[in-house]
Amino acid sequence: MTLPACARGLAALVIAGSVLASGALAQGKAKDSGAALPGGDDKEPIQIDAAKLDYYDKEQKLVYTGDVVARQGGSTLKSSVLVLYLAPKPESAESTPSSTSDVKRMEATGPVTLITKDQVSTGDRGVYEKGEDTLYLYGNVTVTQGTNVTKGDKLAYDLTTKKAVIVGRVKSMFQPKDDDKKQKPKN
């Protein structure tokens, strides 16, 4: 490995660490909720654990592979592959990435599991569009909250409005609370 290649590899690790540690994933423009993961805390750092990280400077892309686990506050995202697309560098920027890089899109392929304080959502793949501030899950989508379960083909969750839409022959099962059972008179 030549010195420039070593420096480039080091720069890739520095950008990954500085993007995540500085909260660049959580910083946003007008519509952004602040947290990079649904249910995450924008004041908490984002931690990503994976078997491998590949950084593509020309494409401004970070690819984490191998049992990927991303955490922020009370939220955890698990997938086989997690790809972070950074906003393009200004033309005047140097060839090495900087800590001001901003994530514009995240893609997770799976299976994908998103765990928040009170829900577990799964699907075959997931996409977070920062510009839309929307999380999408595709294929075999299941959302579980307590004993309640909803299944469908696609989930779109707007992080700003907190509105979720599930489509594709939706099936739901809602369990009555134990308190409701105790309060109803028996016939």
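Residues numbered from 1 in each chain as written. Predicted model: local features only at pLDDT ≥ 70, side-chain atom pairs only at ≥ 80, totals over all residues. Heavy atoms only, no water.

Draft legend 1. Geometry of the overall build of the protein chain. A count of helices and strands for the protein chain gives two helices and ten strands. Going residue by residue from the N terminus, the α and β elements of the protein chain occur as α-β-β-β-β-β-β-β-β-β-β-α. When burial is assessed residue by residue, the protein chain has 35% of its 187 residues classed as buried. Considering only residue pairs separated by 6 or more positions, the protein chain has 43% of its internal contacts joining residues 24 or more positions apart. Put simply, the protein chain shows about 11,200 Å² of open surface, and 53% of that area lies on carbon and sulfur atoms. (Helix = DSSP H or I, 4+ residues; strand = E, 2+ residues; numbered from the N terminus. Buried < 20%, exposed > 50% of the residue type's maximum accessible area, 1.4 Å probe, protein only. Contact = heavy atoms within 4.5 Å. Areas by Shrake-Rupley, 256 points an atom, 1.4 Å probe, with all protein chains shown as cover.)

Draft legend 2. Highlighting the pairing of strand β6 (residues 120-129). In terms of strand pairing, strand β5 (residues 103-115) meets β6 through nine bridges, oriented antiparallel. Bridge pairing in β6 places Thr113 opposite Thr122. Counting the residues between successive antiparallel strands, the hairpin from β5 to β6 contains four residues. Taken together, β6 and the strand that follows it, strand β7 (residues 134-145), pair antiparallel across an intervening segment of four residues, in which Asp133 is found at a positive phi of about 55°. (Pairing = 2+ DSSP bridges.)

Draft legend 3. Expanded view of the side chain of Thr150. For Thr150, the position within the fold is in strand β8 (residues 148-158). Of note is the side chain of Thr150, whose polar atom sits 3.1 Å from the side chain of Ser172. Excluding anything up to four places from it in sequence, Thr150 contacts Val141, Thr142, Val143, Ile166, Val170, Lys171, Ser172 and Phe174. (Polar contact = N/O pair within 3.5 Å; in protein donor to acceptor, adjacent residues only side chain to side chain.)

Draft legend 4. The arrangement of the confidence of the model for the protein chain in detail. Residues at a pLDDT of 70 or more form 67% of the protein chain, whose mean pLDDT is 77. Taking the mean pLDDT of every element in the protein chain, the minimum, 34, falls on helix α1 (residues 3-21) and the maximum, 97, on strand β2 (residues 52-56). Across residues 1-33, confidence stays below pLDDT 50; counting only partners more than four residues off in sequence or on other chains, it has 62 contacts. Within the model, pLDDT remains below 50 along residues 97-101, and this stretch shows 14 contacts once partners closer than five positions in the same chain are excluded. (pLDDT = per-residue confidence, 0-100.)

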